[in-house]
Amino acid sequence: MTAPRSRYASCAGYEIHYMEWGDPHAPVVIAWHGLARTGRDMDDLAAHLSDRYRVICPDTLGRGLSQWASRPDTEYSLAFYARLTAELFDRLDVEHAHWVGTSMGGAIGTVCAAGLQESTLAGRIRSLLLNDNAPRLAEAALQRIRAYAGQPPSFATMAELETFFRQVYAPYGWLSDDQWRRLADTSARRLPDGRLTPHYDPAMVRQFTAHENDYLIWQHYDALRLPVLLLRGESSDLVLPETVAEMRTRGPGARGLLEVVEVPGCGHAPALNVPAHYALVDGFLARVESK
């Protein structure tokens, strides 16, 4: 396995951080994290894929080591994230890529793959894996996410922060103690008073007020003409069964391009960190590449 590299790229006037795994000349997988998370969530999956793929795991604007938005009401939006993605593809010489997106990362992938927002991305995403994401999200779950993401707590010690993460992200499913500690280590920043808080800009939650229906993206889903795999956590409160049923009748579902797998032992969203999860990703990529 090639050692991971921490990199930075200038995209849309911002410095965007990403981790890069694998052979730089191998086929590309973009692995994009969820709303209040960082690209380091993809470490285990990226390590697993890195013997076959060049895996790129960005920190979204306002998360992790990427810069924060200077115009949060306009730039914390799927449209601006798609612009960042288009420039990232060009900066990194990515002609084509598979896309694995958890939650928000899946929505970004849907908008990018559709090519309606950024026409230069049309046809450049070969496949789309949606990890507990859909073109319509349950309102009650969105309210829950707004509540914890918009007012991140602070803690005196890393042990306290890790306990918080274990509670909030229990729906991820099983993580080892080492994985929980790495999640905390890679998700923490110090405040001016020395306390610890999650590593993101709290203003990113203004996406939900400045762009109230930003995650209602049926028009982008309907435009998809590529293989799509939906991994739904079996107890997900974000992706409801009735939405999955509608996905089967529209867009890639109507075109015979949609697969749906319910992931046991998880809610929102599967952590993609154990062999059973790797097998789902591997199988999907193998089926796409065999066609």
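Up top is the structure these notes are about.
**Comments concerning the overall build of the protein chain**
Each helix and strand in the protein chain was counted, giving 12 helices and 10 strands. Looking at the protein chain as a whole, 59% of its 291 residues qualify as buried. Restricting to contacts in the protein chain with at least 6 residues of sequence separation, those with at least 24 account for 76%. When the accessible area of the protein chain is evaluated, it comes to approximately 11,500 Å², of which 51% is carbon and sulfur surface. The centroid of the 29 positive side-chain charges in the protein chain is displaced by 2 Å from the centroid of its 35 negative side-chain charges.

**Quick word on the environment of Asp-51**
Among the structural elements, Asp-51 can be located in the loop between helix H1 (43-49) and strand S4 (54-58). Note on Asp-51: relative accessible area 59%, which makes it exposed. Sequence-wise, Asp-51 and Arg-40 are 11 residues apart; in three dimensions their C-alpha atoms are separated by 18 Å. Of note is the side chain of Asp-51, whose polar atom sits 3.0 Å from the side chain of Arg-52.

**Looking at the environment of Pro-58**
The residue Pro-58 is located in strand S4 in this model. Spatially, the C-alpha atom of Pro-58 lies 9.2 Å from that of Arg-7, the residues being 51 residues apart in sequence. If we ignore the near neighbours within four places in the chain, the residues touching Pro-58 are His-17, Tyr-18, Ile-30, Ala-31, Trp-32, His-33, Gly-39 and Leu-88.

**Overview of the sheet that holds strand S10 (residues 258-263)**
Read from one edge of the open sheet, 8 strands run S1-S2-S4-S3-S5-S6-S9-S10, paired in mixed fashion. Looking at strand neighbours, the two that pair on one side only are strand S1 (5-11) and S10, the edges of this open sheet. Strand-to-strand, the axes of this sheet are offset by a mean angle of 20°, without reference to chain direction. As judged from the 4 bridges shared by strand S6 (residues 125-131) and strand S9 (residues 228-233), these two strands associate in the parallel manner. Paired with Asn-131 across the bridge in S9 is Leu-231. Set on the sheet, helix H3 (residues 78-91) makes contact with S1, strand S2 (14-21), strand S3 (28-32), S4, strand S5 (97-102) and S6; between it and S1 the angle comes to about 115°.

**Re helix H6 (residues 158-168)**
If you check which residues of H6 are buried, you get Leu-161, Glu-162, Phe-164 and Phe-165. For H6, the arc enclosing every buried residue in end-on projection is 155°, short of the 170-degree limit, so these residues lie on one face. Here the buried face of H6 lies against helix H7 (177-185), strand S7 (188-190) and strand S8 (196-198).

**Some points on helix H10 (residues 241-249)**
Listing the buried residues of H10 in full gives Thr-243, Val-244 and Met-247. Buried residues of H10, viewed axially, fall in a sector of 100°; they line one side. Facing away from the buried side of H10 by over 90 degrees, the exposed positions are Glu-242 and Thr-249. Against S6, helix H9 (218-222), S9, helix H11 (251-254) and S10 lie the buried residues of H10.

**Remarks on the packing of aromatic side chains**
By the definition in use, this model includes 8 aromatic pairs. On the basis of an interplanar angle of 20° and a centroid distance of 5.9 Å, the ring pair of Phe-165 and Tyr-169 is categorised as stacked. Tyr-169 carries the same exposure label as Phe-165, and that label is buried. Members of the aromatic cluster, joined through ring pairs, are Phe-155, Phe-164, Phe-165, Tyr-169 and Tyr-172. The ring of Phe-165 carries the charged tip of Arg-37 above its face, separated from the ring centre by 5.6 Å.

**Section: the pairing of S6**
Counting buried residues along S6, 6 of its 7 residues qualify, which places the element largely inside the surrounding structure. Where S5 and S6 come together, 6 bridges link them in parallel fashion. What sits directly across from Thr-102, in S6, is Asn-131.

**As for unusual backbone geometry**
A cis amide bond links His-268 to the next residue, Ala-269, at an omega of 0°. Within the fold, Ala-269 resides in the loop between S10 and helix H12 (275-289). At Asp-93, a position not held by glycine, the phi torsion is positive, near 55°. Tracing the backbone shows Asp-93 in the loop between H3 and S5. Accessibility expressed as a relative area gives 68% for Asp-93, which makes it exposed.

Each value, and the rule that gives it
Residues numbered from 1 in each chain as written. Predicted model: local features only at pLDDT ≥ 70, side-chain atom pairs only at ≥ 80, totals over all residues. Heavy atoms only, no water. Helix = DSSP H or I, 4+ residues; strand = E, 2+ residues; numbered from the N terminus. Buried < 20%, exposed > 50% of the residue type's maximum accessible area, 1.4 Å probe, protein only. Contact = heavy atoms within 4.5 Å. Areas by Shrake-Rupley, 256 points an atom, 1.4 Å probe, with all protein chains shown as cover. Lys, Arg positive; Asp, Glu negative; His and termini not counted. Charge placed at Lys NZ, Arg CZ, Asp CG, Glu CD. Polar contact = N/O pair within 3.5 Å; in protein donor to acceptor, adjacent residues only side chain to side chain. Pairing = 2+ DSSP bridges. Axes fitted to C-alpha atoms, helices over the stretch in contact; angles between N-to-C directions. Arc of directions from axis to C-beta. Phe/Tyr/Trp six-rings, centres within 6.5 Å; stacked < 30°, edge-to-face > 60°. Lys NZ or Arg CZ within 6 Å of the ring centre and 35° of its normal.

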